[in-house]
Amino acid sequence: MRISIQPARERVSGILSATAFSIVVAFSIGIGLASYKLSVYWFETNKFEEQVTALRLVDAFVANYSDLRGSQLDSDAPVPATFRAHSIERFNRSRLGDWALRLDWLGIPGREIRTAPRDAATAAAILEAVRTGNHQPSSQWWITEGKRTFRTIAPSVASQQACVDCHNQQLDGRQPWRLNDIMGAFVIDVPAEDFLTKTRDQSILIGILFFVIAGSVGAAILRLQLLRQETAIAALTERERMAVEGQKAAEAANQAKSEFLAMMSHELRTPLNAIIGFSELMASGLHGPLPPRQHGYATDIQQSGRHLLNVIGNILDLAEAESKQVNLFDVDVELEAVLEPCLRLIARQASKAQVHVTAILPSGVRLQCDVTKLRQAVLNLLSNAVKFTDPDGDVRVSASVRGDGCLDITVADTGIGIRPEDLPRILKRFEQVESQMQRSREGAGLGLPLAKALTEAHGGVLEIASDFGRGTTARIVLPAKRVLVRPDQQPDEVARPATLRWDPNAECLA
């Protein structure tokens, strides 16, 4: 069954696209915010330093004027506070356009001389500086007349006695000033509405620009990835096509093999039957006895022909079984009826080899199987067991119904056995444990592979175990669905075995 991978490809492409888009958007927003934050930070730092510098200049200028007024000017000269106010006014007028900046000096609420804070928030900030005694300037964002402003508040300290004396003349009964008292604060406002708007627009533009660039790069990368996937899919499709063509070619080759074997079977069997028939006729002496030597030749021809005919039959049977097109003609049959003919057929070979064959079979067990093919599998196992067992050796045939309902048919011998390293290859066609030069027993190496194929055609398994030099055990395991028991048979009766032994002298089963 071929499964389409197109939906999976589209799903993966959609996930990759959504993920890439999300990453690009997140980075674009992050870069825009970072640009905005950096610009605002630069503005705060730069403007704070500029304001502190202006305050120090004003303070130094007023202090110098105070010293000059005390030592050289008369009392008609403006007081330092007035001079400071005029200086601040001129300073403010000089700051125009983008350099707009407003500088004020505000007194402490309730103790101010002339200039009081314009709003409650500014008054609270000045009072907090007086309460804590903090002389350091501080900056913060402020809303002035509905617009954002960067404001710096710097407490003003009475650093000269002349300042204290001058201010104390304006008390009107209020608490007098002392040296180093905070007498007010410089307040500098930097309008920032236009700057923040421009900065925000620039940051948005930077984010959009990054989105466009990163999106283009990401789209190119994604396109390359999709092209790579399409190439991989095309390669996979090509492999699938080649696999289908290979399968068709294999099926065609198998069909050709079957046709070839069928043709060769006919072409070979016809002359072989003639050879076997004429050699048997000559050996029987029907048309006159032959000299001993010629009689031996005729017998050898007959035996070789039968052997070759048997090999051809095994090859055809194995080809049919391996094609997975084995037609089974299942019947309901007694287990004993399947195995007893195998024992009778192997009797002559066992008697000639002086091998004892024993069968222990349970009675009452019935099978659903193709009798001919199952007999052929068992007979191949018996033939191998007798062939590779030395004289006076034993071959034991047994059968039992397992707890899971499966049937075991076991053929065990006391023969030469198989080396562990040879076990994997004995079930391959034309394989034998003896090499070609050392082979002492005839055979084409088709018995076990054919028995395996016929067993698997029944849904079973062929198992081989061996102890080199001590014997081999071959076991056919048939599935439970093929094992039947007579309805009138009791379990204890089914389990009772019947023992069959081959008596070479009596040439029968006892």
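Preceding this section is the structure that the text describes.
Read on for an overview of the structure. (Residues numbered from 1 in each chain as written. Predicted model: local features only at pLDDT ≥ 70, side-chain atom pairs only at ≥ 80, totals over all residues. Heavy atoms only, no water.)

1. Description of the sheet that holds strand E2 (residues 138–144)
Taken together, four strands build an open sheet; the order of strands is E1-E4-E3-E2 and the sheet is antiparallel. With partners counted over all chains shown, the strands left at the sheet margins are strand E1 (102–107) and E2, one partner each. Strand after strand, the sheet turns through a mean of 30° between neighbouring axes, direction not considered. Here E1 runs beside strand E4 (residues 182–191); their pairing, made up of six bridges, is antiparallel. Counterpart to Asp104 in the pairing with E4 is Val187. Contacts between helix H3 (residues 120–132) and the sheet are confined to E1, E2, strand E3 (147–157) and E4, with E4 contributing the most and set at about 135° to the helix. (Pairing = 2+ DSSP bridges. Helix = DSSP H or I, 4+ residues; strand = E, 2+ residues; numbered from the N terminus. Axes fitted to C-alpha atoms, helices over the stretch in contact; angles between N-to-C directions. Contact = heavy atoms within 4.5 Å.)

2. Things to note about a nonpolar patch on the surface
A cluster of nonpolar side chains, namely Phe21, Ile204, Ile208, Phe211 and Val212, defines an oily patch on the protein surface of about 460 Å² accessible area. Of note, Val212 is situated in helix H5 (residues 193–284). Exposure remark for Val212: the relative accessible area of 45% places this residue in the partly exposed category. (Patch = residues over 30% accessible without salt bridge, like charges linked within 9 Å, V, L, I, M, F, W, Y side chains within 5 Å. Areas by Shrake-Rupley, 256 points an atom, 1.4 Å probe, with all protein chains shown as cover. Salt bridge = Lys/Arg side-chain N within 4 Å of Asp/Glu carboxyl O. Buried < 20%, exposed > 50% of the residue type's maximum accessible area, 1.4 Å probe, protein only.)

3. Thoughts on helix H9 (residues 447–457)
Structural remark: α-helix, 3.6 residues per turn; residues separated by three or four positions point the same way. Within H9, eight of the 11 residues are buried, leaving the element largely enclosed by the surrounding structure. The set of residues buried in H9 consists of Gly447, Leu448, Pro449, Leu450, Ala451, Ala453, Leu454 and Thr455. Just beyond H9, the residue with positive phi is Gly459, at close to 85°.

4. Focus on the packing of aromatic side chains
For any pair of aromatic rings, geometry is given as the distance between the ring centres together with the angle between the planes. Tallying each qualifying case throughout the model produces four aromatic pairs. Relative to Phe150, the ring of Phe43 lies with its centre 6.0 Å away and its plane at 70°, an arrangement referred to as edge-to-face. Note that Phe43 is positioned in helix H1 (residues 6–71) and Phe150 in strand E3, a separation of 107 residues in sequence. On the basis of relative accessible area, Phe43 is assigned to the buried category, the value being 4%. Site record: aromatic cluster; members linked through ring pairs are Phe43, Trp141, Phe150 and Phe195. (Phe/Tyr/Trp six-rings, centres within 6.5 Å; stacked < 30°, edge-to-face > 60°.)

5. Re the nonpolar core
One finds Leu367, Leu382 and Ile409 to be the most contacted residues of the largest nonpolar core, which totals 40 residues. Counting residues per element, the ones that place at least two in this core are helix H7 (335–353), strand E6 (356–362), strand E7 (365–369), helix H8 (371–387), strand E8 (394–401), strand E9 (407–413), H9 and strand E11 (471–478). Among the elements that take part in this core, H8 stands out by supplying eight residues, more than any other. The next biggest cluster of nonpolar side chains, apart from the first, holds 19 residues, and it includes Ile88, Trp105, Ile153 and Val164. (Core = buried A, V, L, I, M, F, W, Y, C linked by side-chain atoms within 4.5 Å.)

6. Describing unusual backbone geometry
Of note in this structure, Gln354 is not a glycine but carries a positive phi near 60°. Counting through the fold element by element, Gln354 comes out in the loop between H7 and E6. A positive phi angle, near 70°, is found at Asp392, a position not held by glycine. Topologically, Asp392 is positioned in the loop between H8 and E8.

7. As for H8
Taking 1.5 Å as the rise per residue, H8 with 17 residues should run 24 Å; its terminal C-alpha atoms sit 24 Å apart, in good agreement. Burial within H8 is extensive, with 12 of its 17 residues counted as buried. Turning to H8, its buried residues number three or more, namely Val371, Lys373, Leu374, Gln376, Ala377, Val378, Asn380, Leu381, Leu382, Asn384, Ala385 and Val386. Put simply, Asp370 is the residue that caps the front of H8, since its side-chain oxygen is 3.3 Å from the backbone nitrogen of Thr372. (Expected span 1.5 Å × (residues − 1). Polar contact = N/O pair within 3.5 Å; in protein donor to acceptor, adjacent residues only side chain to side chain.)

8. Brief notes about the sheet that holds strand E12 (residues 483–485)
Read across the sheet, three strands follow the order E5-E7-E12 without closing on themselves; strand pairing throughout is antiparallel. Only two strands of the sheet have a single partner each, and these edge strands are strand E5 (331–334) and E12. Each adjacent strand pair in this sheet contributes to an overall mean axis angle of 35°, direction not counted. The sheet contact formed by E5 and E7 spans four bridges and is antiparallel. Each bridged residue has a counterpart across the sheet, and for Glu334 the counterpart in E7 is Arg366. Sheet strands touched by H7: E5 and E7. Its angle to E5, the strand with the most contacts, is close to 70°.

9. Concerning the environment of Met183
Along the chain, Met183 falls in strand E4. Put simply, Met183 and Ile113 are 70 residues apart on the chain and 9.5 Å apart in space, counted from C-alpha to C-alpha. Other than its neighbours up to four places away in sequence, Met183 contacts Trp105, Gly107, Ile108, Ser156, Ala158, Cys163, His167 and Trp177.

10. Topic: the pairing of E11
Moving residue by residue along a regular strand, the side chains alternate between the two faces of the sheet. Counting buried residues in E11 gives six out of eight residues, a clear majority hidden from the surface. Bridge count between E9 and E11: six bridges; the pairing is antiparallel. Residue Asp408 lies in a different strand from E11, and its bridge partner there is Val477. As paired strands, strand E10 (residues 461–467) and E11 are joined by seven bridges and run antiparallel to one another. Bridge pairing in E11 links Ala465 to Thr473. As consecutive antiparallel partners, E10 and E11 are separated by three residues, and within that stretch Gly469 has a phi angle of approximately 85°, a positive value.

By themselves, these figures tell us nothing about what the structure is for.
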